[in-house]
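# Remarks on the overall topology
The residues making up each chain are set out below.
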Amino acid sequence: MKIHLNVWRQKHKDSKGAIVKYSLNEVAPEMSFLEMLDMLNLKLAKKGERPIEFDHDCREGICGQCGLMINGIAHGPLKNTTTCQLHMRSFKDGDTIYIEPFKAKAFPVIRDLKVDRSAFDAIIAAGGYVSVNTGQAPEANSVMVTHDEAESAFDSAACIGCGACVATCKNASAALFTSAKISHLAKLPQGKKESEQRTVNMVNRMENLEFGHCTNTEACEVECPQEISVLNIARMNFEYNKAKL
Amino acid sequence: MWYFKNALTRKNLMALTGLFLSFFLIIHLVGNLQLLLPAKEAQLQYNWYSELLSGSWFIKIVSYGLYASILIHAVDAFYLSQKSRMLSGQYAKDRRNRASSWYARHMMLLGLIIFAFLVIHFKDFWYPYKFGEIGLDADGQKDLYSLVVVAFQDWWYVILYAVAILALGFHLIHGVFSATRSLGLYSPFYTKMVKGVSLVFGIILSLGYLIIPIYLFINN
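None of the values given here were measured: they were computed from a predicted structure. (Residues numbered from 1 in each chain as written. Chains lettered and ligands numbered in written order. Predicted model: local features only at pLDDT ≥ 70, side-chain atom pairs only at ≥ 80, totals over all residues. Heavy atoms only, no water.)

### What about the overall build of chain A?
For chain A, the helix and strand inventory stands at 9 helices and 7 strands. Expressed along its principal axes, the backbone C-alpha trace of chain A runs to roughly 60 × 35 × 35 Å. For chain A, buried positions account for 53% of its 245 residues. Long-range contacts, defined as pairs at least 24 residues apart, comprise 70% of the intrachain contacts of chain A with a sequence gap of at least 6. By element, 50% of the accessible surface of chain A is carried by carbon and sulfur atoms, the whole surface being about 11,300 Å². (Helix = DSSP H or I, 4+ residues; strand = E, 2+ residues; numbered from the N terminus. Buried < 20%, exposed > 50% of the residue type's maximum accessible area, 1.4 Å probe, protein only. Contact = heavy atoms within 4.5 Å. Areas by Shrake-Rupley, 256 points an atom, 1.4 Å probe, with all protein chains shown as cover.)

So this is what it looks like as structure tokens:
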């Protein structure tokens, strides 16, 4: 397959980036999207040019490290898929593909397609944990959790923190990410005790990190690789109001 | 003030004012449907109804709540959307719109159309009725009915109303359901139900408000 690429190149955080055009002639349909970028980087390295920097880790769709805006859609055209699980068979011979980093004020570009998503870590640090005494593991059945509760909490916990929700949101809101963490813990007895303080702290931290507000367009859920439900956001609003009223 | 604290509290305030305004729209529509009665009967009844409302202290208090709600809702929306506009990224190729409805993404634009319409609506009916010179009907009541009927004899005025009411309809379809989310309704069953109710509410209200100018234009 012949593929034309329009890639966002940016030297460093403060420099002005621009789209640069490349072409690849021998792209195989079975290649993953990141393998295609590896192929381009090999070509650039051979020519003595600076390779394109992009984030990735497990390449198994689990870690949430990879994340690119592909043809204007977070993680590309396939629904509920991370960038690394997207393959070139989703494109046609002769296609032009735009590749840009996830963009938001809270996610500054470090270089090329690599963005600083440490704002998410800061939100987690504000309360995304439970305070438990260390020591021996307690008896598993001493705290009862129903099957439905466990499933529901796990659905929220499935968020991999890739940032596609922020990149997709027209307001650059981190509501889906923050709310998934808040409701994951609020749904379980271990997390319920600190729920109010946690919610207030995490919401305040999110507010201070240059994320926008949520207007319930639900676009984040549509593009989320983990199908995290927007009802988590409503749950966060509920928990916040409960804590404040 | 508590509601200035963050985007969540501000959205709560927008939700509460929005739901209050939505409730007002029902009452306002029911009152205005009297315009569809046969002309002579409609004139006396509509003018009587208008005087009843403007003479009531209860309605006066509610109306101050309405003016405040409109202003708070508009100012908050403007503040939040301007702030978020600065925070979101710009893409060379942008197809993010595939994931949501156009009216959910353009609530601010729809709101601006509605606000502009409100200015015209207040200038043409509210202001002359409260402060202007207006004729009297056979019962000696201020003749708001004739003011309304005359206004809707111009086709462009009917079109202006139709555009604003369509904007209102779409604003309501997203707004009512979004308000319940902002306030924290997270049950899967009830959120699904509210989505349906918002859709029906938006359609019925916009159809109801559309019928009046069209009926008055055709009948006169």
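### Observations concerning unusual backbone geometry
Residue and element names in this part refer to chain A. Although it is not a glycine, Arg59 sits at a positive phi angle of roughly 55°. Its identity as a non-glycine residue notwithstanding, Ala172 has a phi of 50°, on the positive side. Locating Ala172 in the fold gives a position in the loop between α4 (164–168) and α5 (175–186). What makes Ala172 buried here is its relative accessible area of 1%.

### Examining the UniProt feature "transmembrane region" (unreviewed entry) in chain B
Mapped onto the present numbering, the UniProt feature "transmembrane region" (unreviewed entry) falls at residues 12–37, 57–81, 102–122, 155–177 and 197–218 of chain B. Segment residues 197–218 of chain B splits into 100% helix and 0% strand. End C-alpha atoms: 31 Å apart. (UniProt positions renumbered as here; feature names shortened; annotations may be inferred.)

### Looking at the nonpolar core
In this structure, Phe120, Ile123, Val166, Leu176, Phe211, Ile233 and Met236 of chain A are the most contacted members of the largest nonpolar core, which totals 40 residues. Elements that contribute at least two residues to this core include exactly α2 (118–125), α4, α5, α7 (195–208) and α9 (231–244) of chain A. Here this core takes 5 residues from α5 of chain A, the largest share from any one element. Looking at which domains feed residues into this core, each of domain 1 (3–114) and domain 2 (118–244) of chain A gives three or more. Setting aside anything within four residues of it in sequence, one finds Ile123 of chain A in contact with Gly128, Ala174, Phe177, Thr178, Met202, Arg205, Met206, Leu209 and Phe211 of chain A. Grouped together as the second largest cluster of nonpolar side chains are 35 residues, Leu35, Val149, Phe152 and Phe201 of chain B included. (Core = buried A, V, L, I, M, F, W, Y, C linked by side-chain atoms within 4.5 Å. Domains from an automatic or database assignment.)

### So, the packing of helix α1 (residues 7–32) of chain B against helix α7 (residues 155–183) of chain B
Residues and elements named next belong to chain B. The contact between α1 and α7 brings their axes to 9 Å, and the two run at 130°. It follows that α1 is oblique to α7 by the angle criterion. Between α1 and α7 lies a crossing whose hand is left-handed. Between α1, through Lys11, Asn12, Ala15, Leu16, Leu19, Ser22 and Leu25, and α7, the contact on the second element is made entirely by Leu168, Leu172, Val176, Ser178, Ala179, Ser182 and Leu183. Of the residues belonging to the contact of α1 with α7, the class tally is 9 nonpolar, 4 polar and 1 charged. (Axes fitted to C-alpha atoms, helices over the stretch in contact; angles between N-to-C directions. Parallel < 35°, antiparallel > 145°, perpendicular 65-115°, else oblique. Left-handed = near helix turned anticlockwise from the far one by under 90°. Nonpolar A, V, L, I, M, F, W, Y, C, P; charged D, E, K, R; others polar.)

### Examining the interface of chain A and chain B
Of the residues lining the interface, 48 residues belong to chain A; the matching set on chain B comes to 39 residues. Buried surface at the junction of chain A and chain B, both sides included, amounts to about 3,600 Å², of which 55% is carbon and sulfur. Its largest share of buried area at the contact with chain B, chain A owes to His213, Asn216 and Leu231 of chain A, together 17% of the area lost on that side. Applying the counting criterion to the chain A and chain B interface returns 4 salt bridges. We note a salt bridge from Glu207 of chain A to Lys83 of chain B, for which the minimum N-O separation is 3.3 Å. Counting every contact that joins chain A to chain B gives 27 residue pairs in polar contact (both at pLDDT 80 or more). Those elements that place two or more of their residues in the side of chain A that touches chain B are β5 (96–101), α4, α7, α8 (219–223) and α9 of chain A. No other element matches the 9 residues that α9 of chain A contributes to the side of chain A that touches chain B. The class makeup of the residues in the side of chain A that touches chain B is 24 nonpolar, 13 polar and 11 charged. (Buried area = accessible area lost by both parts, 1.4 Å probe. Salt bridge = Lys/Arg side-chain N within 4 Å of Asp/Glu carboxyl O. Polar contact = N/O pair within 3.5 Å; in protein donor to acceptor, adjacent residues only side chain to side chain.)

### Focus: the sheet that holds β5 of chain A
Residues and elements named next belong to chain A. If you walk across this open sheet you meet the 5 strands as β2-β1-β5-β3-β4, and the pairing is mixed. One side of each edge strand has no neighbouring strand; the edge strands of this open sheet are β2 (18–24) and β4 (73–74). Here strand β1 (residues 3–9) runs beside β5; their pairing, made up of 4 bridges, is parallel. Of the residues in β5, the one forming a bridge with Leu5 is Ile97. (Pairing = 2+ DSSP bridges.)

### Here we look at the pattern of salt bridges
If you walk through the whole model with that rule in mind, you get 19 salt bridges over all chains. Close ionic contact of Arg98 of chain B with Glu223 of chain A constitutes a salt bridge, the shortest N to O distance being 2.8 Å. Linking Arg98 of chain B in the loop between α3 (57–87) and α4 (102–105) with Glu223 of chain A in helix α8, this pair reaches from one chain into another. The class for Arg98 of chain B is partly exposed, based on a relative accessible area of 29%. Overall, Glu223 of chain A belongs to the buried group, its relative accessible area being 4%.

### Details of the packing of helix α2 (residues 39–55) of chain B against helix α6 (residues 144–151) of chain B
Residue and element names in this part refer to chain B. Running from N to C, α2 and α6 cross one another at 120°; their axes reach a closest spacing of 8 Å. Relative to α6, the element α2 is oriented oblique. In contact with Ala39, Ala42, Gln43, Tyr46, Asn47 and Ser50 of α2, α6 contributes Leu144, Tyr145, Ser146 and Val148. Taken together, the residues that form the contact of α2 with α6 break down as 6 nonpolar, 4 polar and no charged.

### Observations regarding the packing of aromatic side chains
Inspection of the entire model under this criterion finds 23 aromatic pairs over all chains. Consider the rings of Phe33 of chain A and Phe91 of chain A, whose centres lie 5.9 Å apart with planes at 45°: the pair is tilted. Of the two residues, Phe33 of chain A sits in helix α1 (residues 33–46) while Phe91 of chain A sits in the loop between β4 and β5, which places them 58 residues apart along the sequence. There is no split in this pair, since Phe33 of chain A and Phe91 of chain A are both buried. With 5.8 Å between their ring centres and 90° between their planes, Trp102 of chain B and Tyr103 of chain B make a pair best called edge-to-face. By way of ring pairs, the aromatic residues Tyr64, Tyr67, Phe122, Trp126, Tyr127 and Phe131 of chain B are connected into one cluster. (Phe/Tyr/Trp six-rings, centres within 6.5 Å; stacked < 30°, edge-to-face > 60°.)

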